Amino acid sequence: MDLEILKKYSIKFENSTEFGKLMFSPNLILNQFAVDTITQYDIIDTIEALNSVLKRDVLNLSFSTDSFVTLDVEKEITKFYDHPEFIKNNNVLFSLPTNDLKEIILSWKEYL
């Protein structure tokens, strides 16, 4: 688990008796993304997608979760939108380096 990355984004993991395992951060869209990416299958799928961009197998990749959290992934940065039909760079809700997102997801996977 990458504690420095978690600290950088003020991310905490918690086990709630009512809702199960949760991720909390000041970025609500990142929290929703974690809720939508709670199964091992979803996590592995997401890591593979990020790796394909990080390794330059593809230059850019966009995908949406079940609640329409949409990620626009490039090698250097990933942008979060709240609609699958986003207009690039318009109304970005949150962005972070793609490597940081990968580390957050790997930490989330480890916590689960």
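Our subject is the structure listed above.
Asks: Just checking my understanding: could you explain the environment of Glu103 for this structure?
Replies: Inspection of the secondary structure puts Glu103 in helix 4 (residues 98–111). The sequence separation of Glu103 and Asn60 amounts to 43 residues, and the corresponding C-alpha distance is 19 Å. Setting aside anything within four residues of it in sequence, one finds Glu103 in contact with Asp2 and Ile5.

Asks: Help me understand the pairing of strand 4 (residues 70–74), please; the structure alone is not making it clear to me.
Replies: Look at any regular strand and the pattern is simple: side chains alternate between the two faces of the sheet. By the criterion of burial, strand 4 is predominantly enclosed, with four of the five residues buried. As paired elements, strand 3 (residues 60–64) and strand 4 share five bridges and run antiparallel to each other. Among the inter-strand pairings, Phe63 is bridged to a residue of strand 4, identified as Leu71. When strand 4 meets strand 5 (residues 77–81), the two strands line up antiparallel, connected through four bridges. The residue of strand 5 that forms the bridge with Leu71 is Phe80.

Asks: How should I be thinking about helix 3 (residues 40–54) in this particular structure?
Replies: Side chains three or four residues apart in an α-helix point the same way, a direct result of the helix having 3.6 residues per turn. The end-to-end C-alpha distance of helix 3 is 21 Å, a good match for the 21 Å that 15 residues give at a rise of 1.5 Å each. Taken as a whole, helix 3 has its buried residues at Ile43, Thr46, Ile47, Ala49, Leu50, Asn51, Ser52, Val53 and Leu54. Tucked inside the fold, the buried residues of helix 3 contact helix 2 (28–36), strand 3, strand 4, strand 5 and helix 4. Looking one or two residues past helix 3, Arg56 carries a phi angle of roughly 65°, positive in sign.

Asks: Is there a simple way to explain empty space enclosed by the protein in this structure?
Replies: If a probe the size of a water molecule is rolled over the atoms, the empty space left behind becomes visible. Tallied over the full model, the rule gives one cavity of 30 Å³ or more. Reported here for the largest cavity is a volume of approximately 30 Å³. When contributions to the lining of the largest cavity are tallied by element, the ones reaching two or more residues are helix 2 and helix 4. Take the lining of the largest cavity: its biggest share by element is three residues, from helix 4. Taken together, the residues that form the lining of the largest cavity break down as six nonpolar, no polar and no charged.

Rules used throughout
Residues numbered from 1 in each chain as written. Predicted model: local features only at pLDDT ≥ 70, side-chain atom pairs only at ≥ 80, totals over all residues. Heavy atoms only, no water. Helix = DSSP H or I, 4+ residues; strand = E, 2+ residues; numbered from the N terminus. Contact = heavy atoms within 4.5 Å. Buried < 20%, exposed > 50% of the residue type's maximum accessible area, 1.4 Å probe, protein only. Pairing = 2+ DSSP bridges. Expected span 1.5 Å × (residues − 1). 1 Å grid on protein atoms, 1.4 Å probe; cavity = no way out; pocket = protein on both sides within 12 Å on 5 of 7 lines; lining within 4 Å. Points joined across faces, edges and corners; volume = space filled by probe spheres on them. Nonpolar A, V, L, I, M, F, W, Y, C, P; charged D, E, K, R; others polar.

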